[in-house]
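Next come the chains, spelled out residue by residue.
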Amino acid sequence: MSTKKSQAAASPWQDLDAYIAQPRLVSLELSPDGDWLLAGIQSLNQDRTAFVTALWRIDPAGLAAPHRLTRGVEGETAAAILRDGSVIFTSDRTLPRADAEREDPGKRDKALWCLPARGGEAHVLARREGGWLAVQAARRADRLVCTVGMRAGLDAAQDRELRTRRSRTKVAAILHEGGGVRHWDHDLTSDTVRFLAAELPAGQEPSLTDADLRPVTADLGPELTSQSVLAPGGGFLVVQRDRRLPHGQRRADLARIDVETGELTELVTSPEEDHHSPVLSDDERWLACIRRVPGTPEETFHHVLHLVDLADGSHRDLAADWPRWASPVAFSPDAATLYVTADEDGECPVFAVAVATGEVRRLTGHGAHSQVRLAPDGSALYALRSAWDEPPVIVRIDPATGDSTVVHTTQPELALPGRLERVETTAPDGTRIRAWLALPHEASAASPVPLVLWVHGGPVSSWNAWSWRWCPWLLVSTGRAVLLPDPALSTGYGRQMVQRGWGNWGPATLTDVEAITDAVEARPDIRQDRTAMMGGSFGGYMANWIAGHTNRFRCIVSHASLWNLASFGPTTDAPWFWEQEMSPAMMAANSPHQFADRITTPMLVIHGDKDYRVPIGEGLALWWALVSGHAGPPETLPHKFLYFPDENHWILTPQHAVVWYQTVQAFLATHLDGVDWQRPDRL
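As a starting point, this report considers the structure included with it. Fair warning: this is a prediction, and the values are worked out from it, not measured in the lab.

A few words now on the overall build of the chain. A count of helical and extended segments in the chain gives 13 helices and 38 strands. Referenced to the eigenvectors of the C-alpha coordinate spread, the extents of the chain come out at roughly 70 × 60 × 55 Å. Residue burial in the chain is summarised as follows: out of 683 residues, 56% are buried. The contacts in the chain between residues at least 6 apart in sequence include a share of 56% that link residues at least 24 apart. With an accessible surface of roughly 28300 Å², the chain has 51% of that area assigned to carbon and sulfur atoms.

Moving on: the packing of aromatic side chains. For any pair of aromatic rings, the description rests on two quantities: the centre-to-centre distance and the angle between the ring planes. In this structure the tally under the stated criterion is 26 aromatic pairs. Clustering of aromatic rings is evident, with ring pairs tying together W13, Y19, W184, W388, W454, W463, W466, W468, W470, W650, W660 and Y661. The ring of F553 has R552 lying over it, and the distance from NZ or CZ to the ring centre is 5.5 Å. The aromatic ring of W677 is capped on one face by K640, whose charged end is 4.5 Å from the ring centroid.

Sheet faces and side chains relate simply in a regular strand, where the side chains alternate between the two faces. For strand β16 (residues 236–244), the buried fraction is high: 8 of the 9 residues fall into the buried class. Inspection of the sheet shows β16 paired to strand β17 (residues 250–258) by 9 bridges, in the antiparallel sense. Across the sheet, V239 pairs through a bridge with A255, a residue of β17. Linking β16 to β17, which pair antiparallel, is a turn of 5 residues; within it H247 sits at a positive phi near 65 degrees.

On to the pattern of salt bridges. A pair can form between side chains of opposite charge whenever their charged atoms are brought close. By the definition in use, this model includes 48 salt bridges. Residues R140 and E284 are paired through a salt bridge, measuring 3.6 Å at the closest nitrogen-oxygen approach. Of this pair, R140 sits in the loop between β9 (134–137) and β10 (143–150) while E284 sits in the loop between β19 (274–280) and β20 (286–293), and the two are 144 residues apart along the sequence. Each of D345, E347, R422, E424, R432, R434 and D486 takes part in a single network of salt bridges with overlapping partners.

Alignment of strand β5 (residues 76–81) against strand β6 (residues 87–91), held across 5 bridges, turns out to be antiparallel. Bridged to E76 within β6 is S91. Here β5 hands over to β6 after 5 residues, with G85 in that stretch at a positive phi of 95 degrees.

Strand order in the open sheet formed by 8 strands is β31-β32-β34-β33-β35-β36-β37-β38, and the pairing between neighbours is mixed. Here the strands that pair on one side only, and so sit at the sheet edges, are β31 (418–426) and β38 (640–644). With strand direction ignored, the average angle separating the axes of adjacent strands in the sheet is 20 degrees. Against the sheet, helix α8 (residues 538–547) touches β33 (449–455), β35 (526–536), β36 (556–559) and β37 (603–608), its axis set at about 130 degrees to β35.

Moving on: the packing of helix α7 (residues 505–521) against α8. Their axes nearest at 10 Å, the elements α7 and α8 cross at an angle of 85 degrees. Judged on the interaxial angle alone, α8 and α7 are roughly perpendicular. Across the interface between the two elements, W505, G506, P507, T509, L510 and V513 of α7 pack against F538, Y541, M542, W545 and I546 of α8. For the contact of α7 with α8, the per-class residue count stands at 9 nonpolar, 2 polar and no charged.

What follows is about the side chain of E647. Mapped onto the elements, E647 comes out in the loop between β38 and α13 (654–672). In this structure E647 is buried but unpaired, with R469 as the nearest side chain of opposite charge at 7.5 Å. Side-chain polar atoms of E647 contact the backbone nitrogen of L652, separated by 3.0 Å. Discounting residues that sit within four places of it in the chain, E647 has contacts with G608, D609, K610, D611, L652, T653 and H656.

Within the fold, T364 resides in the loop between β26 (360–362) and β27 (368–374). Overall, T364 belongs to the buried group, its relative accessible area being 3%. Separated by 2.9 Å, the side chain of T364 and the backbone nitrogen of V350 make a polar contact. Once residues lying within four places of it in the same chain are set aside, the contact partners of T364 are P349, V350, H369, I397, G402 and S404.

With respect to the secondary-structure elements, A657 resides in helix α13. Each C-alpha atom, one on A657 and one on L200, is 43 Å from the other, the two residues being 457 residues apart in sequence.

Moving on, we come to the nonpolar core. Among the nonpolar cores identified, the biggest contains 52 residues, and L483, W505, M533, M542 and M582 are the most heavily contacted of them. Sequence-distant contacts of M582, defined by excluding residues within four places in its chain, comprise W505, L562, L565, F568 and M587.

Here we come to the environment of L200. Structurally, the position occupied by L200 is in the loop between β13 (192–199) and β14 (214–215). Relative accessible area serves as the criterion here: at 7%, L200 is assigned to the buried category. Note: C-alpha distance between L200 and L144 (56 residues apart in sequence) is 7.4 Å. Apart from residues no more than four positions distant in its own chain, L200 is found in contact with L82, D142, L144, S207 and L208.

Procedures and definitions
Residues numbered from 1 in each chain as written. Predicted model: local features only at pLDDT ≥ 70, side-chain atom pairs only at ≥ 80, totals over all residues. Heavy atoms only, no water. Helix = DSSP H or I, 4+ residues; strand = E, 2+ residues; numbered from the N terminus. Buried < 20%, exposed > 50% of the residue type's maximum accessible area, 1.4 Å probe, protein only. Contact = heavy atoms within 4.5 Å. Areas by Shrake-Rupley, 256 points an atom, 1.4 Å probe, with all protein chains shown as cover. Phe/Tyr/Trp six-rings, centres within 6.5 Å; stacked < 30°, edge-to-face > 60°. Lys NZ or Arg CZ within 6 Å of the ring centre and 35° of its normal. Pairing = 2+ DSSP bridges. Salt bridge = Lys/Arg side-chain N within 4 Å of Asp/Glu carboxyl O. Axes fitted to C-alpha atoms, helices over the stretch in contact; angles between N-to-C directions. Parallel < 35°, antiparallel > 145°, perpendicular 65-115°, else oblique. Nonpolar A, V, L, I, M, F, W, Y, C, P; charged D, E, K, R; others polar. Lys, Arg positive; Asp, Glu negative; His and termini not counted. Polar contact = N/O pair within 3.5 Å; in protein donor to acceptor, adjacent residues only side chain to side chain. Core = buried A, V, L, I, M, F, W, Y, C linked by side-chain atoms within 4.5 Å.

Geometry only, nothing functional implied.
Okay, here's the thing in structure tokens:
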């Protein structure tokens, strides 16, 4: 049998190489006429060192076989579907000779490609130095609007010349003149955002020249973000502006930009609140968004649905008393209903909200729903649905009944190595704490299994959706149960659960996770003497806090963790956000580094150097505290540090994902099973 056939036949739960080779649904779009779906499906490249995305055409009825549209070696990213059905996408694929000759040596920006609706080869629609921030097509017009970044005060030719000169002379320096230096894993530039519009003649194969992309506006200032929504008729944009305020603070507001004239009109703005995530009604009268009230050291932030009447400029909250933090996704064709998603009790359902009364109706049952798309006639909603017992699938939702039908899955025969249960307990003060528990099939009173407590990141988040990155089933397949709790600061209960841990991260969250761990350890199918703990980001913070406050766990895995809150606050990529909560008193009471001398539990520290959300200094300081605090011979150090020089907050490349799980599994085996430490074969 060939190597490829062996890999294909291997169980993804027993073979990490087979696991990373599983195809993954990552994006979903609906054609303007509602006749077909465009899905992005991710898979390994030929040398198995990167994930690449291909675009597929999916039948919304689930009857016709899926059809692959693109086969670029470098992969594609969907940008827009034109009214005639042509697909616009970006890609690093090799350019045709005429276009390649225009490239600056040593630099390749993503070109904008067009796959014609009538078939044939994809061709370059447009390209520019600096690439594209976003591309949108009007649903009822042959208009394309592109969002680009350009240097303030320069025209297109001057901007191109500057970029070429910087590239050829190896100048990478960036001069900042306000807050916001980097984001997640990349440096922010000093560009301003501009919009370029183009008309695509109906009935002809789409094509553009540089002259066809006309500027919609001059400089709009560095405060303008790239987030925007194009009206169905293509006449205007609603843009989210990220305004800089004194003391490094920021506020987001919404404005309307006329695509023909470039005229900008403010829609909703406030010096105290943010407005973001805009959604437009089909008749272009109503705008739905999120109104967010920032937090203080004493009170958590809060957000509510907000409606703007574009006809008269009036605006109001919608379902303001509903104890869920919802995100708008679409209006019904008659604008009588706003469809939203919101975390609720370990799920993320789709809800229907009556625009007139604010009455809320839950549509969907089990699962977390994302990338929700509404059919033009309102007859169906389409979404990516997942849960801890279901990898992402495409579903069709009946807006009247909420019934869901699977349209497409990339894992039709994937059998999980265990079972999923919902578990609950109450904290000492009576607060309900819920969690998911993934168990091996063999777990029973006669054969109890070890337990791994896995605390989620965020911290304002919930364990409600499948994750290829944080997959409990890889641990379940080795004979362990995995507990995924939603403790203090989690969503899905209501604002009071977030307030429960606001400014009190360590003590409140520890109380809740210990309560749910106690309850699960009391089960006859769980071993009480073999429990480990792990977490990433805020979960890593909790790993560090727990290590300094209890020795009940056999070992602890701390990924991308916060160690010293005073050093984390000003060095993270969004210090203005964390400053809302992190007062000097909060940091003094909740920083794990103050309890370093109490740590006796073996710890596996994991961190990526390109992590700008939780900078590498946090991981390095934690590691030094563990090493310098070890009084015994160096060879008896119980801790380990897995360092990724070129990964960010997440470990995204496939081979590094294998290394991550190999190392975690080996560490758990040593401390839960008594197996001698075995260094992973790729290290």
